[in-house]
Amino acid sequence: MAAPDTHPLRLDDEESAMLRGEHGEAVRRALAFQVEVGRFFGAERFVPITNAHVMGDIEVMGDGGFGFLQSMALQDAKCRVPTDSNARCMHFDDEADCLHQDEGEVAKERQVVSMLRDMRVATTDTCINYQTVYQPKLGEHVAWGDTGTVIYANSVFGARTNYEGGFSSFAAALTGRTPAYGFHLDAARRGSIAVRLEAAMRDVADWGALGKIVGHPHQDYFAVPVFEGVRDMPLSDDLKHLGASLASYGSHAMYHVVGVTPEAPSAAAAFGGREATARMTVTDADIEAVYRAYRFVPAEKNVVVFSGPQLSIFEMQRLTELFQGRKVASGMHCFITTNHAIHADAERLGYLKALHDAGVTVLQGVCFYILQRLTEIRVENGWTNLVSNSGKLVNTITAHRFNTVLRRTADCVEIACTGRLQ
Amino acid sequence: MSHAIQVRRAWGPVVEGEALVMKEGFSPRYDLNRVTGVITRIGHSCEGLSVKDKVLVIPTTKGGVAGGWAFFDLLKKGIAPKALVFGKLNPVMVQGAVLAGMPITEGWEEEALVLVKTGDRVRVDPAAKMLTVA
């Protein structure tokens, strides 16, 4: 590695003390890791953060990550800032009798949760922390893990974070700071792709489709789309599906919607003098073409999934209305995932009973595509097509060899209740 | 005859290995079976091939925070790639590589996707910011 003097990353007195181990071994290891990552990106300093969102589930950590977490726990690691946790890979409830998750892995996942709590992580188990847990303000620096949370924080709140995966968000939680590179700096936040939106945008799935149209041909973390021409004020759920999809297809961490998001009072402000490297127009026909491009494989057993990101209370309410008095068809399975907070509210509001009566399985604290042993679950249930209103989900789940199909919310419900693949 | 390609930024120790060149963006979650180390996404340019001990040459990233833990876990399982050579990357790939002690580079002066072929012997020297094809 290059000599330190070629890297300008400056440490203040407290950071230097951390690196000398004066705040304990867990903090020393965390800061040393952050220094390496910061130097890669040419960070010149650290910035204090107010909040962290950590991702630790046994499916993605594996035994390697599990052992690493244990070593952190043994070193008495404690979060210095308010920290919550992302969705889990295990459904601890026994309602979902078609999942058959491994007992041994379930036990490890419970240990992970326990260790996180000891580290002062509030285990909210949610990928929609921005809707239910914490809403950072304009210019506030945070260290969030899940990509959908990052793009929402940067775009909709005007807060500042990079993707902080694996140990990275833990390290930030332990040191209370993160290296200042990427979206912590003004330069990265300026728009680079001009998108003229002429489509009507009638469903969250349309926003996911838009994310695919823009994200797929521009796979670049530092690309920032700027949308102009939006007709009606988009809802939080619309922007959540747009962001999740852009992050999934394009690895994007920020977008602007002119007249809607806080750093885009005008197109000129959104671009901030940066030249657009691409220009696109998206029409109703372009959105329809996305749906048409997904083809069903003829099959008897299929699954409809509302997940990725977890559902808000208003998405739960809408699905309750659509499923009212109906039944999931023979040969079909239907899943919804949400977090514990919304699950509790949905129960109180009677949504869960109505959905249960319709034959829908509601999973809490998980996200569908990160479920442990998902490939085996698919095979055991004989599922071929996975139909979803989430542009993100139909992309993220593909390593498990589902044939994925994107459809609008009401169409997904129709497919679930009739079994007709259309 | 060997050919050296300058990379823009890099981290980690020097390694040598066999190249596996991808035509599309990569995510360890979307594309890889993380139990077997085999690329399983239907239609992926490397579908059916293992990443174990390979120097992955990848145009760009898709998603995703999975890489933050995944490379470290692949290493513990004995099915990790040797190095990651990216055209464009996101920070998660760097965070995951640093945790796993796996060399990682970003950007190339010449088109590595054309100059490097799957099966070529390559050497990654992060300190020299150099990728050498044997």
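Residues numbered from 1 in each chain as written. Chains lettered and ligands numbered in written order. Predicted model: local features only at pLDDT ≥ 70, side-chain atom pairs only at ≥ 80, totals over all residues.

Looking at the interface of chain A and chain B
Each side of the interface is counted separately: chain A has 38 residues, and chain B has 38 residues. Contributions of two or more residues to the side of chain A that touches chain B are made by helix H2 (25–40), helix H3 (58–74), helix H7 (167–175), helix H9 (236–250) and helix H16 (393–396) of chain A. Considering every element that reaches the side of chain A that touches chain B, the biggest residue donor is H3(A), with seven residues. Taken together, the residues that form the side of chain A that touches chain B break down as 16 nonpolar, 16 polar and six charged. (Contact = placed C-beta atoms within 7 Å. Helix = DSSP H or I, 4+ residues; strand = E, 2+ residues; numbered from the N terminus. Nonpolar A, V, L, I, M, F, W, Y, C, P; charged D, E, K, R; others polar.)

Some words on unusual backbone geometry
All names here are of chain A. Note that the residue after glycine 308, namely proline 309, is joined by a cis bond; omega there is 0 degrees. Tracing the sequence through the fold places proline 309 in the loop between strand S11 (302–306) and helix H12 (313–323). Of note, the phi angle at methionine 201 is positive, near 60 degrees, even though the residue is not glycine. Here methionine 201 lies in the loop between strand S7 (193–197) and helix H8 (204–215).

Observations regarding H8(A)
In an α-helix, one turn spans 3.6 residues, which is why side chains three or four residues apart end up on the same side. All names here are of chain A. Helix length check: H8, at 12 residues, gives a terminal C-alpha distance of 16 Å against a target of 16 Å (1.5 Å per residue), a fit within 8%. Burial within H8 is extensive, with 12 of its 12 residues counted as buried. Regarding H8, the residues found buried are Val204, Ala205, Asp206, Trp207, Gly208, Ala209, Leu210, Gly211, Lys212, Ile213, Val214 and Gly215. (Expected span 1.5 Å × (residues − 1). Buried ≥ 20, exposed ≤ 12 C-beta atoms within 10 Å, placed from the backbone.)

Examining the sheet that holds strand S10 (residues 278–282) of chain A
Residues and elements named next belong to chain A. Pairing within the open sheet is parallel, and its four strands lie in the order S9-S8-S7-S10. Edge strands, defined here as strands with exactly one partner in the open sheet, are strand S9 (256–257) and S10. The pairing of S7 with S10 spans five bridges and is classified as parallel. By the bridge assignment, valine 195 is partnered in S10 with methionine 280. (Pairing = 2+ DSSP bridges.)

Comments concerning the domain arrangement of chain A
Residue and element names in this part refer to chain A. When cut into domains, chain A gives domain 1 (4–186), domain 2 (190–291) and domain 3 (296–418). Just the C-alpha atoms count here: the centres of domain 2 and domain 3 sit 26 Å apart. Counting residues at the interface gives 17 residues for domain 2, matched by 15 residues for domain 3. Breaking the side of domain 2 that touches domain 3 down by element, the ones donating at least two residues are H8, H9 and helix H11 (284–293). In terms of residues, the side of domain 2 that touches domain 3 owes the most to one element, H9, which gives eight residues. (Domains from an automatic or database assignment.)

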